[in-house]
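Chain residues, written in single-letter form:
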Amino acid sequence: MTRLVAGVSSSVGLVRSANEDSFLVREGLYVVCDGMGGARAGEVASEMACRGLMQVDPATDSAGDLLKAVQDANRSIAVRSHEHEGLLGMGTTLTGGLVKGSKLSLVHVGDSRAYLLHAGELTQLTEDHSWVGEMVRRGELTPQEAAVHPHRSVITRALGTDPDVDPDVFDVEVADGDRLLLCSDGLSGMVSDSEIERILAIDEPPQQVAAALVDAALAAGGEDNVTVVVVDFRPQEPDDAKSETKAAEGPEVNFGPSDRGAPSGVATQARRRLARRQLPFLRAGDQAPAPAPAADNLAAVAAVASAEGAGGEAPAQPVARSKWGRKRWVFVIVAAIIVIVAMIGVFAVVNSTMYYVGASGNVVALYQGLPGSILGIDLSQRIEQSAVSYSSLAQSVKSQIDAHKLVTKEEGQRFIRTLVAAP
Ligand code: MN
């Protein structure tokens, strides 16, 4: 029987204005997320991911439930990113561990890391999903070259940037006396593995060790947000009263960081534009051009919207799409009005070129427009009337007039001016 004791520490660092890392610490479930995206969208993504994993109950849920929660969080982030212009392209790393007895199930996306200290020796459990990490695995870069590479922050897999995420999922056997470390690249990018190993081996409670690791990252320059979770696997002591250990370990669910730094209003339009162009593979402040997959991700995020339409439990219609639906209706109605007005205009012009001779009561007149009316509106107006009354005309002439034959203006004028009373 193993007792779990955890500590967590997170810092904005010495260079960044905001902390976009998030963490979740709960007995048996430990998560570190490192968000990316301009205008502090990264903190939205990392927080959404950690919040999403709160649905996992480490006491009863399996590694499969953890994976499902990660996939749900991925979809939620992708949809939200698509809905809000300021959040487009946001994403996050996620490195999480679920402990069941001596089995540690890890789920991992991005370049945050999990390490295990066993018998004083540090092992990196996760592979970085980063551009330089892949080059190291292909033998194209040494780990030393990767550590200082200008594009070392470019990651190749993230949560929230694709409709489907492909996390690494694997189990590790742990033993009493082992110590687990989860960290964002603000630690591993600033502090060497040998220094991490040295500090992690210090015989202090996990909370102090976590704080010491963050201090080491700050001492090395603190160029990035740094978040550290340390978990001890301790043998269960016979007199361990569960209620006492709980009280000593702080809140049951520790979600943070509670302080993210300066208010988000400091973000400029320029940063926002930059973030949109750089998209998911760069964190705010990085200079490197994203590799080709960036374009795929735009399409992928867009694809989320259509995939959701057919999807089961996800919201049936993303908001962005229904907004377009409303816009489309407005467009259709305005277009219809324009067409109708144009048709009336054309009709009025054509109508005004028509003439006929007709009789109203006893008056014979030349009318401009068509005989008849639409919705009570006469289509024609009288422009000239005959000096001769209708009743005085010969029957054959009356019949001609009643036929309402269309004529030119001149023909009509000539006709009514030459009318004479029947003998
Ligand atoms: Mn980072």
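On a predicted model such as this, the values are computed, not experimentally measured, just so you know.

Focus on the coordination of the manganese ion
Next, step 1: Protein coordination at the manganese ion comes from Asp34 (OD), Asp185 (OD) and Asp224 (OD), with a distance range of 2.1 to 2.2 Å.
Next, step 2: Between the donor residues of the manganese ion, the gaps in sequence give the motif D-x150-D-x38-D. Of the two residues, Asp34 sits in strand 3 (residues 29-36) while Asp224 sits in the loop between helix 7 (206-219) and strand 11 (226-235), which places them 190 residues apart along the sequence. Accessibility assignment for this pair places Asp34 and Asp224 in one class, buried.

Observations concerning the pattern of salt bridges
Next, step 1: This model, assessed by the stated rule, comprises 18 salt bridges.
Next, step 2: Between Lys103 and Asp171 there is a salt bridge, with its nearest N and O atoms 3.9 Å apart. Here Lys103, found in strand 6 (residues 103-109), pairs with Asp171, found in strand 9 (residues 168-173); they are 68 residues apart in sequence, far enough to count as distant.
Next, step 3: Here Lys103 falls in the partly exposed class, since its relative accessible area comes to 32%.
Next, step 4: For Asp171, a relative accessible area of 46% translates into the label partly exposed.

A few points about a nonpolar patch on the surface
Next, step 1: On the surface, Trp329, Phe331, Val332, Ile333, Ile337 and Val341 cluster together to form a nonpolar patch covering roughly 670 Å² of accessible area.
Next, step 2: Relative to the helices and strands, Phe331 resides in helix 11 (residues 319-351).
Next, step 3: Under the relative-accessibility criterion, Phe331 is labelled exposed at 61%.

As for the packing of helix 1 (residues 41-52) against helix 2 (residues 63-83)
Next, step 1: At a closest axis distance of 9 Å, the pairing of helix 1 and helix 2 adopts a crossing angle of 145 degrees. Here helix 1 and helix 2 pass one another in a crossing that is right-handed. In contact with Val44, Ala45, Met48, Ala49 and Gly52 of helix 1, helix 2 contributes Ala69, Ala73, Ser76, Ile77 and Arg80.

What about the sheet that holds strand 1 (residues 2-11)?
Next, step 1: Pairing is antiparallel across the open sheet formed by five strands, whose spatial order is 1-11-10-7-8. Two strands in the sheet have a free side with no partner beyond their single neighbour: strand 1 and strand 8 (121-124). Taken pair by pair, the neighbouring strands of this sheet meet at an average axis angle of 20 degrees, ignoring direction.
Next, step 2: Summarising the sheet, strand 10 (residues 179-183) and strand 11 pair through five bridges and their orientation is antiparallel. Bridge assignment links Leu181 to a residue of strand 11, and that residue is Val230.
Next, step 3: Of the strands in this sheet, strand 7 (113-118), strand 8, strand 10 and strand 11 are in contact with helix 6 (residues 193-200), which crosses strand 8 at around 125 degrees.
Next, step 4: Sheet strands in contact with helix 7 are strand 1, strand 10 and strand 11, and its direction is about 30 degrees off that of strand 1.

Notes on helix 13 (residues 409-417)
Next, step 1: Every buried residue belonging to helix 13 is among Gly412, Gln413 and Ile416, and all of these are buried. The buried side chains of helix 13 occupy one side of the element, clustering within an arc of 95 degrees when seen end-on.
Next, step 2: Contacts made by the buried residues of helix 13 are with strand 13 (355-360), strand 14 (363-368), strand 17 (381-389) and strand 18 (406-407).

What counts as what
Residue numbers restart at each chain and count upward from 1, following the sequence in its written direction. A pLDDT threshold of at least 70 governs which residues receive local features in this predicted model, and a stricter bar of 80 or more applies before side-chain atom pairs are shown or counted, although totals over entire chains, interfaces and linings include all residues. Hydrogens are left out, water is left out, and the side-chain values use all remaining heavy atoms of the structure. Coordination shells were defined by N, O and S atoms within 2.8 Å of each metal, extended to 3.2 Å for Na, K and Ca; water is absent from the atom set, which can make sites look incomplete. By the criteria applied, helices consist of DSSP H or I runs no shorter than four residues and strands consist of E runs no shorter than two, each listed in order from the N terminus. Relative accessibility under 20% of the residue-type maximum defines a buried residue, over 50% an exposed one, and the middle range a partly exposed one, all with a 1.4 Å probe and only protein chains included. Any carboxyl oxygen of Asp or Glu that lies within 4 Å of a side-chain nitrogen of Lys or Arg is treated as forming a salt bridge with it. Patches draw on residues past 30% relative accessible area with no salt bridge. Two like charges within 9 Å are joined, as are two nonpolar side chains (Val, Leu, Ile, Met, Phe, Trp, Tyr) within 5 Å. Exposure was quantified through the Shrake-Rupley algorithm and a 1.4 Å probe, taking into account, for residues, occlusion by the shown protein chains and nothing else. Throughout, an axis means a line fitted to C-alpha atoms (over the contacting stretch in the case of helices), and angles, computed between N-to-C directions, take values from 0 to 180 degrees. In this scheme, a crossing is called left-handed if the near helix is turned counterclockwise away from the far one by less than a right angle; it is called right-handed if the turn is clockwise. The criterion used for residue contact is that any of the two residues' heavy atoms lie within 4.5 Å. Strands pair, by our definition, only if DSSP identifies at least two bridges between them. The arc in question is the one spanned by the directions pointing from the helix axis to the C-beta atoms.

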